[in-house]
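Given next are the chains, with one letter for each unit.
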Amino acid sequence: METPEIYRKKVLDIVSKSKSLCPMLWAHITVEPTSIQSFCCISIHKDNRKQSSLKDYWDGKEINIARKQMLNNDRPYQCKTCWEQEDAGVKSHRSNLTSMFKSDFDHLDVGYWKIMYDNLNSTLTDKKMQHQPMYYDIKFGNLCNLKCRMCGPGASSQINKEAKEYESLFNSDLYPNGPVDESKFLWIKEKDGWWKEFNNFTNDAYKFKFTGGEPLLNDQVIDFLNYMVKTDRSKDTMIHLITNGTKINEQLIKETLLKFKAVKLNVSVDGAYDHYEYIRYPGRWNKLTSNIQLLKDLSPNSMTEDYDYNRMTLSISPVLQFYNLFNIIDIYLYAESIPSLILERNFVMSPKYWAPNNLTDEMKKIVINYYNENKSRLKFEQHRNHIDNYITYLSNSTINDEKALYRFAKYTKTYDKIRGQNFKESCPLEYDLFKEYFE
């Protein structure tokens, strides 16, 4: 009888033969707010994709072509974001998820290496997947209470409401967001449609990730979590929630989330103090930090390699963007003030008019010098390594799209006007960096 270790060796042997292979395509489905499926949360797909069943997507033409490309050591265009990060010398979403699956399968040890091998072998032998996805990332619509600067109407009902009110500004290219049809998000209420298939297509799933919108505002997310507890599936299931941290419910945590095998709560924090309130409007810094402290009190995790496998862990994840280039150190300092709070790093890649890789070479030098001068303020080596990672990314990225800088300034001025905010006052160092584009 072949053991999990044998299947582990078989999988890693296949993986070692391709520098572009991502395990997500054989183990995972992302469900977008409109119910359309994607390779992952940052994959890029053509706009004319149509809704399909989970099974049709899983055995569909697009993902099978990409699977073949990866096994042939080619780079599918849908994974462009990861290729750009790796070419810039930083760890990509793909590399992080490869490590995640290895850790998950080793810790859980209930046949997931075999499932992965069987699915990889299905592609090698031109057959349909033998197993259903093991990991789901689901965005149950766009319901949200914030209007984050780097977000859009497809992921925030508040931004969509604003987009409808200011559609004339969008048509004149002074505002970045066109309104979307809210009916596209009603699929989550179809109990006898999507939900029926979903409940029958998750037999091999051990992990669910929920983002949004804001998942803790969404009744469908809460109902699903309660359903998992009621059917006793929670004890064998891991949950990952990406939340803006404004709607923390202690009762939900104690009576529902802590019934799962493991829970990871990731709070999106893209700025500290005034920067936070500017970027994540109309969020309030004092409310956020109070909620994070409450979560920390309920999650006695430690900064170890195994943090995902404790009962509940808490992390924050700033996303480097134009608005927080000089505030990122303050975010890390805040994290270090909360014992054992885990900090993860990300980059805005799209829309490109918020993305740091579009800075001019001279602007990149200014930001890099700031990081080199200030990273010594951080007491944890892994946090200083994160800053070095930002430096590597900025040093190696070569896009330098100055048109994006002018669009950034134009859209920022519009946001400031309609939301009653002020970039110069809230983010003074960032404003000085971009000042020529605002004049």
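For the structure, check the block above.
Asks: What should I look at first to understand the pattern of salt bridges in this one?
Replies: Side chains that differ in charge, positive against negative, can pair when their charged atoms come close. Here the structure, examined in full by the defined rule, presents 25 salt bridges. One salt bridge connects D416 with R149, and the closest N-O pair in it is separated by 2.9 Å. Taken together, the positions of D416 in helix α18 (residues 402–419) and R149 in the loop between β3 (135–139) and α8 (157–165) put the pair 267 residues apart, joining distant regions of the chain. Of the charged contacts in the structure, one is a salt bridge between E277 and R284, with a shortest N-O distance of 3.9 Å. On the accessibility criterion, R284 (47% relative accessible area) is partly exposed. A single salt-bridge network, built from bridges that share partners, covers D137, K139 and K209.

Asks: Please clarify how the packing of aromatic side chains should be interpreted in this entry.
Replies: Two numbers describe a pair of aromatic rings. These are the distance of the centres and the angle of the planes. For the structure on display, the rule yields 52 aromatic pairs. For the pair Y7 and Y117, a centre-to-centre distance of 5.8 Å together with 45° between the ring planes defines the contact as tilted. Taken together, the residues span a long stretch of sequence, with Y7 in helix α1 (residues 4–16) and Y117 in helix α7 (residues 112–124) at a distance of 110 residues. Y117 sits in the buried class, given a relative accessible area of 18%. Here the aromatic rings of W354 and F408 are separated by 5.6 Å at their centres, their planes lie at 85°, and the arrangement is edge-to-face. Here W354, found in the loop between β10 (346–347) and α16 (361–374), pairs with F408, found in helix α18; they are 54 residues apart in sequence, far enough to count as distant. Across the pair, F408 and W354 agree in class, each one buried.

Asks: When you look at the state of the cysteines in this model, what are you seeing that I'm missing?
Replies: Among covalent bonds in proteins, the disulfide is the one between the sulfur atoms of two cysteines. Applying the stated rule across the entire model yields zero disulfides. With no disulfide partner, C41 has as its closest neighbouring cysteine sulfur the one in C40, 5.1 Å distant. Taking the relative accessible area as the measure of exposure, C41 reaches 30% and is therefore partly exposed. A disulfide-free cysteine, C82 has its sulfur positioned 5.9 Å from the sulfur of C40, the nearest such atom. Under the relative-accessibility criterion, C82 is labelled buried at 7%.

Asks: Can you help me understand the nonpolar core in this one?
Replies: Nonpolar side chains tend toward joint burial in soluble globular proteins. The biggest cluster of nonpolar side chains holds 135 residues, and the ones touching the most others in it are I138, F208, F210, I316, L325, Y371 and F434. Apart from residues no more than four positions distant in its own chain, Y371 is found in contact with L320, L325, I328, I387, Y390, I391 and L394.

Asks: Could you clarify how one ought to interpret unusual backbone geometry in this entry?
Replies: Generally, phi is negative for residues other than glycine and the peptide bonds are trans, each holding for most cases. Cis geometry marks the peptide bond from G212 to G213, where omega comes out at 10°. Within the secondary structure, G213 is located in the loop between β4 (207–211) and α11 (219–230). Note the cis peptide between Y281 and P282, where omega equals 0°. Checked against the element boundaries, P282 lands in the loop between α13 (274–279) and α14 (285–298). Not every positive phi belongs to a glycine, and D232 is a case in point at roughly 70°. Among the structural elements, D232 can be located in the loop between α11 and β5 (238–243). The exposure class assigned to D232 is partly exposed, which follows from its relative accessible area of 45%.

Basis of the calculations
- Residues numbered from 1 in each chain as written.
- Predicted model: local features only at pLDDT ≥ 70, side-chain atom pairs only at ≥ 80, totals over all residues.
- Heavy atoms only, no water.
- Salt bridge = Lys/Arg side-chain N within 4 Å of Asp/Glu carboxyl O.
- Helix = DSSP H or I, 4+ residues; strand = E, 2+ residues; numbered from the N terminus.
- Buried < 20%, exposed > 50% of the residue type's maximum accessible area, 1.4 Å probe, protein only.
- Phe/Tyr/Trp six-rings, centres within 6.5 Å; stacked < 30°, edge-to-face > 60°.
- Disulfide = S-S within 2.5 Å.
- Core = buried A, V, L, I, M, F, W, Y, C linked by side-chain atoms within 4.5 Å.
- Contact = heavy atoms within 4.5 Å.

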